[in-house]
Amino acid sequence: MTAQKNAAEWDVVVVGGGVAGLSGALTLARARRSVLVVDAGEPRNAPASAAHGLLSRDGVPPLELLRAGREEITGYGGRIVSGRAVAARRADDCFVVETASGDSFSARRLLVTTGLVDQLPEVPRVRERWGRDVLHCPYCHGWEVRDVPIGVLAGGPTSMHQALLFRQWSSQVTYFIHTAEDPSEEEWERLAARGISVVDGEVTGLEVRDDQLAGVRLSSGRRVPARALVVAPRFVARSEVLSGLGVTAVEHPMGVGAYVESDATGRTAAAGVWVAGNITDLMAGVPAAAGAGVQAAVAINADLVTADTDDAVARRRAVPRGELTDAFSPASEAAVCERVLGERRHGLDTLLRSADRARR
């Protein structure tokens, strides 16, 4: 904890308890900051059976990863509360976070890691299979669907890129044009060069057998085998809690959704407010989100160190010079020296007094 208590109840309130938020909270707690995590308990990757690409923890169930993270944070003195943060506002020199249940928490700084919402294509059964065999990230799930028939549903600016990416994991890739525009001549050539099949016609549903995706159905009645379907959701940052601070989500330059702008450390345009994870990096996987949480926490702690030092300097300057109580200040050392050595102490004034006595 900080030595100097402030009006705020906490040094930092973290809104969102996913990997970005928990990684940030862990770093702050280890920095001896008082930190509170407010978590609604709705992790984006909850439908997935495992999280991948996290060194030494590859394949860990997402909920188990979060459980272990919460335990580590409380072990360092951090606190985690269940609740949905609905608003944040400034109050004097701190922030106040309000929850749907009516609780409120004040903090000197905010770290918002509320993630994003995946807006999925309106195709029957896509949502219920999401995170299982309806996918979007090859680095998260590509190994698990290697060498099986994979369909790619066109519908976003990254769809063509997805088709070429997933070809790395399987030679049986089919690109479904669905309701998108036909590929350009160059795109046709690239698909053909990689042996990716192209199917025209609107996709109207998925065929599932024994709780496993088996195929894709078209409006023509045709069925195309597929064991996995790749889609391109629109990613929309969960930024509502920031609106009271003047921070809103804006359209991403790549056209993939809406995100909250921030600098490399996660600092937003609102002073004292940082973001990390998918709220600002729409395509970050688990390792990147965790790293971003740590980076934001380091920046927040540095900002608080500067503020604590500025406050200490201001308090020191406010004390009259004769009343300084610092044991190592010039005034204190001179007083101690006079009491102990008297006229034997070194200094110009002592020499002058000695010379004056000699003249007498």
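Here, every reference points to the structure presented above.
Cut-offs used in this document
- Residues numbered from 1 in each chain as written.
- Predicted model: local features only at pLDDT ≥ 70, side-chain atom pairs only at ≥ 80, totals over all residues.
- Heavy atoms only, no water.
- Axes fitted to C-alpha atoms, helices over the stretch in contact; angles between N-to-C directions.
- Helix = DSSP H or I, 4+ residues; strand = E, 2+ residues; numbered from the N terminus.
- Left-handed = near helix turned anticlockwise from the far one by under 90°.
- Contact = heavy atoms within 4.5 Å.
- Nonpolar A, V, L, I, M, F, W, Y, C, P; charged D, E, K, R; others polar.
- Salt bridge = Lys/Arg side-chain N within 4 Å of Asp/Glu carboxyl O.
- Buried < 20%, exposed > 50% of the residue type's maximum accessible area, 1.4 Å probe, protein only.
- Patch = residues over 30% accessible without salt bridge, like charges linked within 9 Å, V, L, I, M, F, W, Y side chains within 5 Å.
- Areas by Shrake-Rupley, 256 points an atom, 1.4 Å probe, with all protein chains shown as cover.
- Lys, Arg positive; Asp, Glu negative; His and termini not counted.
- Charge placed at Lys NZ, Arg CZ, Asp CG, Glu CD.
- Pairing = 2+ DSSP bridges.

1. With respect to the packing of helix α1 (residues 19-30) against helix α7 (residues 286-318)
Right, on to step 1. Packing of α1 against α7 leaves a shortest axis separation of 7 Å and a crossing angle of 35°. Crossing of α1 over α7 shows right-handed handedness. Where α1 abuts α7, its residues Val19, Ala20, Ser23, Gly24, Thr27 and Leu28 lie against Val286, Ala289, Ala290, Gly293, Val294, Ala297, Val298, Ile300 and Asn301.
Right, on to step 2. Grouping the constituent residues of the contact of α1 with α7 by class yields 10 nonpolar, 5 polar and no charged.

2. Some remarks on the pattern of salt bridges
Right, on to step 1. Applying the stated rule across the entire model yields 17 salt bridges.
Right, on to step 2. Arginine 33 is paired through a salt bridge with aspartate 308; the nearest N and O atoms lie 3.1 Å apart. Placement of the pair is arginine 33 in the loop between α1 and β2 (35-39) and aspartate 308 in helix α7, with a sequence separation of 275 residues.
Right, on to step 3. What makes arginine 33 buried here is its relative accessible area of 6%.
Right, on to step 4. Between arginine 89 and glutamate 98 there is a salt bridge, with the nearest N and O atoms lying 3.0 Å from each other.
Right, on to step 5. Residues joined in a network through salt bridges with shared partners are Asp11, Arg33, Arg108 and Asp308.

3. Focus on a negative patch on the surface
Right, on to step 1. There is a patch of like negative charges on the surface, built from Asp92, Asp93, Asp310 and Asp311.
Right, on to step 2. Mapped onto the elements of the fold, aspartate 310 is located in helix α7.

4. Looking at the sheet that holds strand β14 (residues 223-225)
Right, on to step 1. One open sheet accounts for 3 strands, arranged β12-β13-β14; its pairing is antiparallel. Strand pairing shows two members of the sheet lacking a second neighbour, β12 (203-209) and β14, which therefore form its edges. Taking the axes of each pair of neighbouring strands and ignoring which way they run, one obtains an average angle of 30° across the sheet.
Right, on to step 2. As judged from the 6 bridges shared by β12 and strand β13 (residues 212-218), these two strands associate in the antiparallel manner.

5. Side note on unusual backbone geometry
Right, on to step 1. In this structure, serine 56 is a non-glycine residue whose phi angle is positive, near 75°.
Right, on to step 2. For serine 56, a relative accessible area of 70% puts it in the exposed group.

Just distances and angles here, no functional claims.
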